[in-house]
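One letter stands for each residue in the lines below.
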Amino acid sequence: MQNINDWLNEHGDYLYRFALARLRDPHQAEDAVQETMLAAIKGNSFEGDSTARTWLTGILKHKIIDLQRKQIREQPLSDLIDLDESDTSMDDFFDQHGHWLDKPQEWDMPDSALEQKQFLATLSKCMDKLPAKLATLFMMRDVQEIENENICKELGITTTNAWVMLYRARMGLRKCLEMNWITG
Amino acid sequence: MKAIKFMLTCKQASKLISQSLDHPLSLSGRVKLRFHLFICDACTRFNKQLGQLRTAVHRMRQDTENDSSIELPSDAKARITNTVASKYH
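Our focus in this paragraph is the overall build of chain B. Within chain B, the secondary structure is distributed over 4 helices and 0 strands. For chain B, the sequential pattern of α-helices and β-strands runs α-α-α-α. Over its C-alpha atoms chain B spans a radius of gyration of 23 Å, topping by over 25% the 12 Å that the globule rule assigns to 89 residues. Taken over the C-alpha atoms alone, chain B extends approximately 75 × 30 × 20 Å along its principal axes. Considering chain B as a whole, with its 89 residues, one finds that 27% of them fall into the buried category. Counting contacts in chain B only where the partners sit at least 6 residues apart, residues at least 24 apart contribute 57% of the total.

Pasting the structure below:
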């Protein structure tokens, strides 16, 4: 038990921030740290080749994916995926000829630290507006940079499903950013 | 004018642009997309935006990771310690 206290005191904040940056939810981040501690004390496979922090972070990465998998499996994916060509989910973006309804604009990317902060706050709000599953998949791919193939393996979905969901997530995010962030 | 198969619509092009971030495109996909981007400003901006989006979410991740004002709350720490203790005692 002494280990747990040492680990939490020395690495708890670091692990928590690491988890929060990927799960974007304080409760989930706490769960991930807790699961990491349980696995660490149970496994006790720390050899000293790596630092305790590196070892714990390695465990945490897996625990984060476990939580994401659980989140994605809570509802059937078919709710979100309709691969039919008659798919109407993109009707907000394109007309029947496949032309943009609102053409993407040139983005005026923020320079100053303050603007940068505001931009990221807008992005964060846009992420919250995405259906939870799309946001999770987007985080796994674009933030955690897990290879598409491995995401599909972890989640038990096909690559086509993953593409469709990532496409929708990105389309939703860019549209939300364009509407809420002043463009040049 | 009848659309010929070689020409992508913006809807098709946007799908390929997104896909190219996850997987290498086929040769024919690459050629069609390159041609479309050559003639289409809107999709060229879309392509750029997806890059900007990626850069931004990376920055967001780093900001959280490096934000020393974010700490594991002490009540969370206590909960974790208790949970672990109750399972391994």
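Moving on, we get to helix 4 (residues 74-87) of chain B. The periodicity of an α-helix, 3.6 residues per turn, causes residues three or four positions apart to be oriented the same way. All names here are of chain B. For helix 4, with 14 residues, the first-to-last C-alpha span of 20 Å sits near the 20 Å given by 1.5 Å per residue. Every buried residue belonging to helix 4 is among Ala76, Lys77, Ile80 and Val84, and all of these are buried. Seen from one end, helix 4 has its buried residues packed into an arc of 105 degrees, which puts them on one side. The outward face of helix 4, more than 90 degrees from its buried face, is lined by the exposed residues Ser74, Asp75, Ala78, Asn82, Ala85 and Ser86.

This paragraph deals with the packing of helix 2 (residues 26-43) of chain A against helix 4 of chain B. Between helix 2 of chain A and helix 4 of chain B, the shortest axis-to-axis distance is 10 Å and the interhelical angle comes to 35 degrees. Of the two elements, helix 2 of chain A crosses helix 4 of chain B, and the hand of that crossing is right-handed. Here Glu30, Val33, Gln34, Met37, Leu38 and Ile41 of chain A of helix 2 of chain A come into contact with helix 4 of chain B, specifically with Ala76, Ile80, Thr83, Val84 and Lys87 of chain B.

Turning our attention to the interface of chain B and chain A. Taken together, the 38 residues of chain B in the interface contact 43 residues of chain A. Mapped onto the side of chain B that touches chain A, the elements with two or more residues apiece are helix 1 (10-20), helix 3 (41-66) and helix 4 of chain B. Looking at the side of chain B that touches chain A, its residues break down into 15 nonpolar, 10 polar and 13 charged.

Our focus in this paragraph is the environment of isoleucine 39 of chain B. Its place among the elements puts isoleucine 39 of chain B in helix 2 (residues 27-39). On a C-alpha basis, the gap between isoleucine 39 of chain B and glycine 51 of chain B in space is 20 Å, while along the polypeptide they are 12 residues apart.

Averaged over every residue, the pLDDT of chain A is 87; residues scoring 70 or more account for 86%. Confidence drops under pLDDT 50 across residues 82-86 of chain A; counting only partners more than four residues distant or on other chains, this segment forms 4 contacts.

Ranked by internal contacts, the top residues of the largest apolar core, which has 33 residues, are Leu137, Met165, Leu166 and Ala169 of chain A together with Ala13 and Ile17 of chain B. Secondary structure elements with two or more residues in this core: helix 4 (113-129), helix 5 (132-143), helix 6 (148-155) and helix 7 (159-180) of chain A together with helix 1 and helix 3 of chain B. With 24 residues, the next largest nonpolar core counts Ala32 and Ile59 of chain A together with Ala76 and Ile80 of chain B among its residues.

Residues and elements named next belong to chain A. Inspection of the secondary structure puts alanine 169 in helix 7. Sequence-wise, alanine 169 and alanine 32 are 137 residues apart; in three dimensions their C-alpha atoms are separated by 24 Å. Setting aside chain neighbours within four positions, we find alanine 169 in contact with Leu130, Leu134, Ala135, Leu137 and Phe138.

By secondary structure assignment, the location of serine 124 of chain A is in helix 4. Spatially, the C-alpha atom of serine 124 of chain A lies 9.2 Å from that of arginine 24 of chain A, the residues being 100 residues apart in sequence.

All names here are of chain A. Phi at arginine 24 is positive, roughly 55 degrees, even though this residue is not glycine. Counting through the fold element by element, arginine 24 comes out in the loop between helix 1 (2-23) and helix 2. We note that glutamate 145 has phi near 55 degrees; this positive angle belongs to a residue other than glycine. The class for glutamate 145 is exposed, based on 10 C-beta atoms found within 10 Å.

Cut-off values and rules
- Residues numbered from 1 in each chain as written.
- Chains lettered and ligands numbered in written order.
- Predicted model: local features only at pLDDT ≥ 70, side-chain atom pairs only at ≥ 80, totals over all residues.
- Helix = DSSP H or I, 4+ residues; strand = E, 2+ residues; numbered from the N terminus.
- Rg over C-alpha atoms; globule rule 2.2 N^0.38 Å.
- Buried ≥ 20, exposed ≤ 12 C-beta atoms within 10 Å, placed from the backbone.
- Contact = placed C-beta atoms within 7 Å.
- Expected span 1.5 Å × (residues − 1).
- Arc of directions from axis to C-beta.
- Axes fitted to C-alpha atoms, helices over the stretch in contact; angles between N-to-C directions.
- Left-handed = near helix turned anticlockwise from the far one by under 90°.
- Nonpolar A, V, L, I, M, F, W, Y, C, P; charged D, E, K, R; others polar.
- pLDDT = per-residue confidence, 0-100.
- Core = buried A, V, L, I, M, F, W, Y, C linked by C-beta atoms within 7 Å.

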